[in-house]
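Okay, here's what each chain looks like letter by letter:
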Amino acid sequence: MKARRQDTDPRMRPIRFAVFALAALVVLSLGFALIPAEKPAPAEPPFSERARAAALSAALDLRAAGMELASAGAADSTAVDPVVTLLTIQARALRSPGAASMTGSATGPAAGSPQASPQASPSAASTAGPRNAAELVQALATSGATRLRDAETADGGMARLLAGAGTAQLIAAGRLAAATGVPAPQGTPGPDAEEPGTPAAASPCPSPSVPATSSPAASGPSASAPSAKDSAAPATPPGTRQALAAAVSAEQQAVYGYQAALPRLAPAEAGPASEFLGAHKELASAAAERLRAACGGPVPQQPGYVLDPGFLAAPAAGLGKLEAATLSSYGDAVAVSQGQDRIWALAALRSAASRALRWGADPGPVPGLTLDIGQLPALPAGAGRPTGTGLAPSPAAS
């Protein structure tokens, strides 16, 4: 019988294995190259950007709801039109430089902008827009309170914008409630409602009346230690001392103006003016206390101030201008401060805007911030179309 033929040379086996392994490696590498890699999840945008986007969306939704109520006759257009104008200006101010591609939809932030918060979503009860004046008043108050809450955390300039927008929306809610005869929502600021502020923390700075002393053993350059003022200064945000000093000066001038106006006011106006005078004295004292806690120097009391020529002839109108002049000081304080100082400045901004309104002055569409309305970006076509999606949630919502 013929022996079986060996068709495989043992010396060729390693070569064949190497060829097969190389071919398999090429196939696998081609497969991995053809399969696209997963894109990394986009980074969460900063809180200030999410707060701005939520505020813009809320302003556009409220504006659209007001226009719809006025056009449908569900609310008096003479009462709603000022609200629509206010929200239009605020929406233009809230548009970021990169929002030029925003479409006419008012359902959310500008195109290309991140959503307000990945954790927050509107509840089923808030998916419908305001259907009457009472619901619009409540929606305005809710949005205003949300903007003020976000202003506690946002970055400086955005905090000032959110604070002014929220303050104006709360005032608009109160005015709309009065004009339409519906109850004012709770939390709407009144001109004589002072919000209690958190006392300033104990100052780590040395008292100016007690000079620092050192023992002989501790004298000399090598044994010198940083003073309490120097160690406390880095913890104070830049500009806080200047803003608090400006607030002290503004309140001192307000006290002087009220003292000059009180004898010349009608009896019906003298009562509120006397209460406001006491509020300004307390604000001046609180601002000075916070300035000391921030290691700032005392602000000297001026012997007098130059009042407008018509102040004494029309003291009520003069007090309105005086109150409106304090808004920029508190807007600056909101922008540069943090923590309890910012919360105090927010409350002071709200009360100052309400007092200005009480005397007939216009606190503006964004109290505490001077806007050049002509330089604001225009809203895109169709931005006023109602969507019925409700208000965007705050990024601070849980």
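These figures come from a predicted structure and were not determined experimentally.

Rules of the game
Residues numbered from 1 in each chain as written. Predicted model: local features only at pLDDT ≥ 70, side-chain atom pairs only at ≥ 80, totals over all residues. Heavy atoms only, no water. Helix = DSSP H or I, 4+ residues; strand = E, 2+ residues; numbered from the N terminus. Expected span 1.5 Å × (residues − 1). Buried < 20%, exposed > 50% of the residue type's maximum accessible area, 1.4 Å probe, protein only. Polar contact = N/O pair within 3.5 Å; in protein donor to acceptor, adjacent residues only side chain to side chain. Contact = heavy atoms within 4.5 Å. Axes fitted to C-alpha atoms, helices over the stretch in contact; angles between N-to-C directions. Parallel < 35°, antiparallel > 145°, perpendicular 65-115°, else oblique. Left-handed = near helix turned anticlockwise from the far one by under 90°. Nonpolar A, V, L, I, M, F, W, Y, C, P; charged D, E, K, R; others polar. Patch = residues over 30% accessible without salt bridge, like charges linked within 9 Å, V, L, I, M, F, W, Y side chains within 5 Å. Areas by Shrake-Rupley, 256 points an atom, 1.4 Å probe, with all protein chains shown as cover. Salt bridge = Lys/Arg side-chain N within 4 Å of Asp/Glu carboxyl O.

Student: What exactly am I supposed to notice about helix H10 (residues 339-358) here?
Tutor: Three or four residues apart is the spacing at which side chains of an α-helix point the same way, because the helix has 3.6 residues per turn. Counted at 1.5 Å a residue, the expected span for H10 with its 20 residues is 28 Å, and the 29 Å between its end C-alpha atoms agrees. With 14 of 20 residues buried, H10 is to be regarded as a mostly interior element.

Student: So what exactly am I meant to see when it comes to the side chain of glutamine 169 here?
Tutor: Looking at where glutamine 169 falls in the secondary structure, it is placed in helix H5 (residues 156-180). Overall, the relative accessible area of 1% leaves glutamine 169 in the buried class.

Student: Whenever I open this one, the side chain of glutamine 90 confuses me. Can you help?
Tutor: On the secondary structure map, glutamine 90 appears in helix H3 (residues 77-94). By relative accessible area, glutamine 90 is classed as buried at 1%. A distance of 3.0 Å separates a polar atom in the side chain of glutamine 90 from the backbone oxygen of proline 365. If near-sequence neighbours (up to four positions away) are discounted, glutamine 90 is found in contact with Gly164, Ala165, Ala168, Gln169, Pro365 and Val366.

Student: Would you take a moment to explain the packing of H5 against H10 for this structure?
Tutor: In the contact formed by H5 and H10, the axes pass within 10 Å of each other and the chain directions differ by 40 degrees. Viewed along their axes, H5 and H10 adopt a mutual orientation that is oblique. Where H5 crosses over H10, the two elements pack in a sense that is right-handed. Only Arg342, Leu346, Leu349, Arg350, Ala353, Ser354 and Leu357 of H10 make contact with H5, whose side of the interface consists of Gly156, Ala159, Ala163, Gly164, Thr167, Leu170, Ile171 and Arg175. Taken together, the residues of the contact of H5 with H10 break down into eight nonpolar, four polar and three charged.

Student: Looking at this model, I keep getting lost on a nonpolar patch on the surface. Mind explaining?
Tutor: Residues Met12, Ile15, Phe17, Val19 and Phe20 make up a contiguous nonpolar surface patch of roughly 530 Å² in combined accessible area. In this structure, valine 19 sits in helix H1 (residues 13-34).

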